[in-house]
Amino acid sequence: MDKKSQWLDDLHRRYYDTLIVKGNAHIDYDPVLRGSVEDCVSEAFLTAWEKADKVKRSENPYLWLLGTVYKKLDNLRTKSSTKTSQRAVPLEAEQAIKVCDPDAERRMEAWYTENELKDVLKRLTDLLSQKECEVYNDYFVREKRAKEISREQGMTLGAVRAAIRRIREKAERIRNQNLLVIWLAVSTLFALCQIHL
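The structure displayed is predicted, hence computed values, not measured ones.

Cut-off values and rules
- Residues numbered from 1 in each chain as written.
- Predicted model: local features only at pLDDT ≥ 70, side-chain atom pairs only at ≥ 80, totals over all residues.
- Heavy atoms only, no water.
- Helix = DSSP H or I, 4+ residues; strand = E, 2+ residues; numbered from the N terminus.
- Buried < 20%, exposed > 50% of the residue type's maximum accessible area, 1.4 Å probe, protein only.
- Contact = heavy atoms within 4.5 Å.
- Areas by Shrake-Rupley, 256 points an atom, 1.4 Å probe, with all protein chains shown as cover.
- 1 Å grid on protein atoms, 1.4 Å probe; cavity = no way out; pocket = protein on both sides within 12 Å on 5 of 7 lines; lining within 4 Å.
- Points joined across faces, edges and corners; volume = space filled by probe spheres on them.
- Nonpolar A, V, L, I, M, F, W, Y, C, P; charged D, E, K, R; others polar.
- pLDDT = per-residue confidence, 0-100.
- Salt bridge = Lys/Arg side-chain N within 4 Å of Asp/Glu carboxyl O.
- Phe/Tyr/Trp six-rings, centres within 6.5 Å; stacked < 30°, edge-to-face > 60°.
- Lys NZ or Arg CZ within 6 Å of the ring centre and 35° of its normal.
- Arc of directions from axis to C-beta.

Draft legend 1. A look at the overall build of the chain. Regarding its fold elements, the chain presents nine helices and zero strands. Listed by position from the N terminus, the elements making up the chain come as α-α-α-α-α-α-α-α-α. By residue count, 30% of the 197 residues in the chain fall in the buried class. The long-range share in the chain, meaning contacts at least 24 apart out of those at least 6 apart in sequence, stands at 65%. About 13800 Å² of surface is accessible on the chain, with carbon and sulfur atoms providing 56% of the total.

Written out as structure tokens, the structure reads:
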């Protein structure tokens, strides 16, 4: 394997999964674009191959790849929203009024729950450092053991365990923030009900 291929293979091994996670978070886990994230990440690596000299000269190849993925996803989002709006039917239109879906409430609740989880995951990945993202992907997504992660990423076992502990603490903070928001909303609603009684 030549040096250029080895360089790209190393980038791919180190950043592919993190770019997938960050790409999904960037599109807010949009179901329309979800299938395109892997394609955009693959295209970013192809672009890196074609512009290897420029990427090697950049300060951080990861940031270059991430920026490329974000640009490709933003372009797809723009194209997708334009096509969707062209096909959209006004809510007052007769064909929209005739639509009756008995499972709509159940799907809406499932969608809300899924979006709430995605929001928490997006907020978590935004809080994590690059190394913590890699540990998160290996430990929580791929379900690898800490020793295996330590060996693969060249970290000490203590550093891996500390990263896992920090990830859990950050997730707990986000969870507590969400609970606080819910509690404030419920107490405000309760207070408003008391005023009207």
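Draft legend 2. Representation of the side chain of Thr-18. Positionally, Thr-18 belongs in helix H1 (residues 3-26). Taking the relative accessible area as the measure of exposure, Thr-18 reaches 3% and is therefore buried. Sequence-distant contacts of Thr-18, that is, excluding residues within four places in its chain, are made with Tyr-62, Cys-133, Glu-134 and Asn-137.

Draft legend 3. Region of interest: the layout of surface pockets. The volume enclosed by the largest pocket comes to roughly 390 Å³. Taken together, 16 residues form the lining of the largest pocket, with Arg-13, Arg-14, Glu-134, Asp-138 and Gln-153 sitting closest to its centre. Mapped onto the lining of the largest pocket, the elements with two or more residues apiece are H1, helix H7 (130-141) and helix H8 (146-153). Classifying every residue of the lining of the largest pocket gives two nonpolar, five polar and nine charged.

Draft legend 4. Structural context of the confidence of the model for the chain. Confidence in the prediction of the chain, expressed as mean pLDDT, is 79, and 78% of residues score 70 or more. The element-level mean pLDDT for the chain is lowest in helix H5 (residues 94-97), coming to 56, with H8 highest at 91.

Draft legend 5. Broad picture of the pattern of salt bridges. In the structure shown here, the tally under the stated rule is twelve salt bridges. For Asp-9, the salt bridge identified is with Arg-13, shortest N-O distance 3.6 Å. Of this pair, Asp-9 and Arg-13 both sit in helix H1, four residues apart, which is roughly one turn of that helix. Note that Asp-10 is salt-bridged to Arg-14, the shortest N-O span being 3.4 Å. Highlighted residues: Asp-10 and Arg-14, both in helix H1, separated by four residues, approximately one helical turn. A relative accessible area of 42% places Arg-14 in the partly exposed class. A single network of salt bridges, built from pairs that share partners, joins Asp-17, Asp-138, Arg-142, Lys-144 and Glu-152.

Draft legend 6. Main features of the packing of aromatic side chains. Under the definition given, this model contains four aromatic pairs. Pairing Tyr-15 with Tyr-62 gives two aromatic rings, centres 5.0 Å apart and planes at 45°, and the pair type is tilted. Linking Tyr-15 in helix H1 with Tyr-62 in helix H4 (residues 61-87), this pair joins segments that are 47 residues apart in sequence. Clustering of aromatic rings is evident, with ring pairs tying together Tyr-136, Tyr-139 and Phe-140. Here Lys-4 stacks its cationic end above the ring of Trp-49, 4.3 Å away from the centre of that ring. Positioned above the aromatic ring of Trp-7 is the side chain of Lys-56, whose terminal nitrogen or guanidinium carbon lies 5.1 Å from the ring centre.

Draft legend 7. Quick peek at H8. Every buried residue of H8 is accounted for by Ala-146, Ile-149, Ser-150 and Gln-153. Considered in projection along H8, the buried side chains sweep an arc of 105° and stay on one side of the axis. Facing away from the buried side of H8, by more than 90 degrees, are the exposed residues Lys-147 and Arg-151. Of the residues trailing H8, Gly-154 is marked for its positive phi of about 70°.

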